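Structural features, examined
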Number of protein chains: 2
Amino acid sequence: MGIGEAAITQLLKPTLLKLGGSAITIKQRPLTPDKDAITRLAKEIKESDISSLILVHGGGSFGHPLAKQYRLNEGYKDSSQIMGVSRTHQAMTILSRLVVDSLIDNKIPAIVVPPSSCIITKSGRIESFEKNPLIRMLELGFMPVLHGDTVFDWDVGFAILSGDQLVSSLAMKLNAERIIMGADVDGLYTADPKIDLSARRVPYLTPTKLKILRRRVRKSTVMDVTGGMLGKMEELIPAVERGIPVIIVNAAKPNNICRALKGEEVVGTLIERA
Amino acid sequence: MGIGEAAITQLLKPTLLKLGGSAITIKQRPLTPDKDAITRLAKEIKESDISSLILVHGGGSFGHPLAKQYRLNEGYKDSSQIMGVSRTHQAMTILSRLVVDSLIDNKIPAIVVPPSSCIITKSGRIESFEKNPLIRMLELGFMPVLHGDTVFDWDVGFAILSGDQLVSSLAMKLNAERIIMGADVDGLYTADPKIDLSARRVPYLTPTKLKILRRRVRKSTVMDVTGGMLGKMEELIPAVERGIPVIIVNAAKPNNICRALKGEEVVGTLIERA
């Protein structure tokens, strides 16, 4: 028995939206969601009326403090970390639950997909990824929601999978249309715009220029176990080199995410293959 | 870099514990957990000191009313069901969160693994299953927690995967030591013991005898979209035929689950290959 033809939509190239942990949590206060931001962003996604979207969110104050406390980025060192893995994963599923609840409240058929259930890494890099459930969800009009997570690793026991590595890998595996990175700044800067007045936004970049920039400027100093903004962008270079453009916009400014999803111009940084 | 030798435990044959929805929710009241039972069962699991355990729980009053309301057992019929799938999955993740939180409170390193993330069905039967994360979790000493779920299906769009089909499939794929079914009755009866005074408990069965019993007695009338007790047991026959014994015990009676996990004798029904 097949499903009705009305249900079979040709799989559109999906858009990937990353919402950084700083966009949806109060970064300075452990385990504190930014509920207003989560609600607003869910409404913006609904208003954009986009089809074929995968949402990936970061950990912010849910994931990072616990991951740091148990030194999870070092992999398995001793048995005291085992409960730390469970607790960090627990915190991430609580945050993800808040995001998905807000999407469902806005009548978006979201389904949470914890990476630890379908991804295995090898020394911290994605080795295998069960993508069929995601493909089927997109075909049927669901919105999969993934997140940075503690994942299990063939070499080092467990690892922290950043939302950025996840976005890049998903984009390539699912042949994405584009990647929208929702940050808490207006794009990629020559220095950290939060502490350096001389920082200038870079509106357009190619992977080659990104590599040059990396050598020239000092790394972003924002505390983040998965790296600063430039580190985040480096994760995305392989996707850009395959022809998937990346747009960095400020998710903290109302309507930016909605407009970016609609394909409208937004202040930010565009990274694409020359 | 490999992990320390202390961390590498040879993968023991896991025990599978199914906790029926009626054991952990108030079945008559939608979306109502039985928090006392969840807390007690988490303590019993901790006290048993078992290594290599996978927990699977049912939906009870979290999964069934929503699944019924949206006719999810019929597969994709019309687009109004889409939000129903999201809401049913949402309800199941909320219940699973309560179970896992209680395990973590008892210092058990539990990790929730939603079946919709790692399983695809074909006309309601499991077709593919990404089992590597589960294997790695067990090797490292974690306790994976799965649950009955809405899953995505190649033929019919989506399907309800019962905890019973899941337990049987997991047991065979992971070469389980045994399956413990925690029910709300003392075992398998010749009729529904809750409404029929003539019902007798069957202490021991083989798959052949189970098939004969099925022909003889009327099916359990307990309302359950995934079938009554005899239907549940039929799902387990393939695992029993491969040599994996099934023990049905009453999870509502204190210490039964702890004793069953320890391998002690408990009033119930044992089903095993002759």
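Structural notes, computed from the coordinates. As the structure is a prediction and not an experimental result, all values here were calculated from the model. (Residues numbered from 1 in each chain as written. Chains lettered and ligands numbered in written order. Predicted model: local features only at pLDDT ≥ 70, side-chain atom pairs only at ≥ 80, totals over all residues. Heavy atoms only, no water.)

1. Concerning helix 7 (residues 163-173) of chain A
Residues and elements named next belong to chain A.
- Summarising burial for helix 7: 9 of the 11 residues are buried, a large majority.
- Residues Gly163, Asp164, Gln165, Leu166, Val167, Ser168, Ser169, Leu170 and Ala171 constitute the buried set of helix 7.
- Following helix 7 by one or two positions, Asn175 has its phi on the positive side, about 50 degrees. (Buried < 20%, exposed > 50% of the residue type's maximum accessible area, 1.4 Å probe, protein only. Helix = DSSP H or I, 4+ residues; strand = E, 2+ residues; numbered from the N terminus.)

2. Quick notes on the environment of Ser96(B)
Residue and element names in this part refer to chain B.
- Checked against the element boundaries, Ser96 lands in helix 4 (residues 80-105).
- Given a relative accessible area of 0%, Ser96 falls into the buried group.
- Separated by 15 residues in sequence, Ser96 and Ile111 have C-alpha atoms that sit 10.0 Å apart.
- When neighbours within four sequence positions are excluded, Ser96 is seen to be in contact with His57, Val112, Val145 and His147.
- A polar contact of 3.0 Å, which involves the side chain of Ser96, links it to the side chain of His57. (Contact = heavy atoms within 4.5 Å. Polar contact = N/O pair within 3.5 Å; in protein donor to acceptor, adjacent residues only side chain to side chain.)

3. Observations concerning the relation of the copies chain A and chain B
- Overlaying chain A with chain B gives an RMSD of 0.0 Å, the required rotation being 180 degrees about an axis along which the chain moves by 0.0 Å. Viewed as a symmetry operation, the transformation between the two copies matches a two-fold axis. Minimal C-alpha separation from the rotation axis in chain A is found for Cys118(A), amounting to 2.7 Å. (Least-squares fit on C-alpha atoms with pLDDT ≥ 70 in both.)

4. What to know about the sheet that holds strand 11 (residues 246-250) of chain B
Residues and elements named next belong to chain B.
- With mixed pairing, 8 strands are arranged side by side in an open sheet as 3-6-2-1-9-11-12-10. Two strands lie at the open edges of the sheet, namely strand 3 (110-112) and strand 10 (204-205), each paired on one side alone.
- Relative to strand 12 (residues 268-271), strand 11 runs antiparallel, the two being bridged by 4 bridges. The partner of Val249 across the bridge, within strand 12, is Gly268.
- Contacting strand 1 (15-19), strand 2 (53-57), strand 6 (143-147) and strand 9 (178-183), helix 7 (residues 163-173) runs over the sheet at an angle of about 180 degrees to strand 1. (Pairing = 2+ DSSP bridges. Axes fitted to C-alpha atoms, helices over the stretch in contact; angles between N-to-C directions.)

5. Topic: the packing of aromatic side chains
Residue and element names in this part refer to chain A.
- A complete count under the given rule lists 4 aromatic pairs over all chains for this structure.
- Each ring, one from Tyr76 and one from Phe158, has its centre 6.0 Å from the other, and the planes form 65 degrees; the classification is edge-to-face. One end of the pair, Tyr76, is in the loop between helix 3 (60-69) and helix 4 (80-105); the other, Phe158, is in strand 8 (residues 157-161), with 82 residues separating them in the sequence. With respect to burial, Tyr76 and Phe158 carry one shared label: buried. (Phe/Tyr/Trp six-rings, centres within 6.5 Å; stacked < 30°, edge-to-face > 60°.)

6. Some words on the environment of His57(A)
All names here are of chain A.
- Here His57 is to be found in strand 2 (residues 53-57).
- With relative accessibility at 0%, the residue His57 sits in the buried group.
- In sequence terms His57 and Pro109 are 52 residues apart; their C-alpha atoms lie 17 Å from each other.
- Apart from residues no more than four positions distant in its own chain, His57 is found in contact with Lys18, Leu19, Ile24, Met92, Leu95, Ser96, Val99, Val145, Leu146, His147 and Gly148.

7. A closer look at the packing of helix 3 of chain A against helix 4 of chain A
Residue and element names in this part refer to chain A.
- At a minimum axis separation of 8 Å, helix 3 and helix 4 run at an interaxial angle of 175 degrees. When the axis of helix 3 is compared with that of helix 4, the two are roughly antiparallel. Note on element contacts: helix 4 touches helix 3 through Arg87, Thr88, Ala91, Met92, Ile94 and Leu95, opposite Phe62, Gly63, Leu66 and Ala67.
- Looking at the contact of helix 3 with helix 4 residue by residue, the classes come out as 7 nonpolar, 2 polar and 1 charged. (Parallel < 35°, antiparallel > 145°, perpendicular 65-115°, else oblique. Nonpolar A, V, L, I, M, F, W, Y, C, P; charged D, E, K, R; others polar.)

8. Focus: the pairing of strand 4 (residues 119-122) of chain A
All names here are of chain A.
- Here strand 4 runs beside strand 5 (residues 125-129); their pairing, made up of 4 bridges, is antiparallel. Bridge pairing links Lys122 to Arg125 in strand 5.
- In textbook terms, the turn of a hairpin is the stretch between consecutive antiparallel strands, and for strand 4 and strand 5 this stretch comprises 2 residues, one of which, Ser123, has a positive phi near 50 degrees.
- One ladder, built from 2 bridges, connects strand 4 with strand 7 (residues 149-153); its direction is parallel. By the bridge assignment for strand 7, Ile120 is matched with Phe152.

9. Some words on the pattern of salt bridges
All names here are of chain A.
- By the definition in use, this model includes 24 salt bridges over all chains.
- The salt bridge involving Arg125 is made with Glu235; its shortest N-O contact spans 2.9 Å. Pair noted here: Arg125 is in strand 5 and Glu235 is in helix 9 (residues 229-241), with a separation of 110 residues, a long-range link.
- Exposure remark for Glu235: the relative accessible area of 17% places this residue in the buried category. (Salt bridge = Lys/Arg side-chain N within 4 Å of Asp/Glu carboxyl O.)

10. A word on the interface of chain A and chain B
- Each partner contributes residues to the interface: chain A has 47 residues there, and chain B has 47 residues.
- Carbon and sulfur atoms make up 67% of the surface buried where chain A meets chain B, a total of about 4,200 Å² over both sides.
- Our count for the chain A to chain B interface comes out at 0 salt bridges.
- On the surface where chain A and chain B come into contact, there are 12 residue pairs in polar contact (both at pLDDT 80 or more).
- Secondary structure elements with two or more residues in the side of chain A that touches chain B: helix 4, strand 3 (110-112), helix 5 (115-118), strand 4, helix 6 (132-140) and strand 7 of chain A. (Buried area = accessible area lost by both parts, 1.4 Å probe.)

11. Considerations on the side chain of Thr32(B)
All names here are of chain B.
- Within the element layout of this structure, Thr32 appears in the loop between helix 1 (21-24) and helix 2 (35-48).
- Looking at Thr32, its side chain comes within polar contact range of the main-chain oxygen of Arg29, at 3.0 Å.
- Non-local contacts of Thr32, meaning those with residues more than four positions away in its chain, are made with Thr25, Ile26, Ser61 and Phe62.

12. What to know about the pairing of strand 9 (residues 178-183) of chain A
All names here are of chain A.
- Counting buried positions along strand 9 yields 6 of 6 residues, so the element is predominantly enclosed.
- Neither face of strand 9 is left uncovered, since the one carrying Arg178, Ile180 and Gly182 and the one carrying Ile179, Met181 and Ala183 both have all their residues buried.
- Summarising the sheet, strand 1 (residues 15-19) and strand 9 pair through 5 bridges and their orientation is parallel. Paired with Lys18 across the bridge in strand 9 is Met181.

13. With respect to unusual backbone geometry
All names here are of chain B.
- Although it is not a glycine, Arg71 adopts a positive phi angle of roughly 50 degrees.
- Although it is not a glycine, Ser123 adopts a positive phi angle of roughly 50 degrees.
- Looking at the element boundaries, Ser123 is found in the loop between strand 4 (119-122) and strand 5 (125-129).
- Given the relative accessible area of 44%, Ser123 is considered partly exposed.

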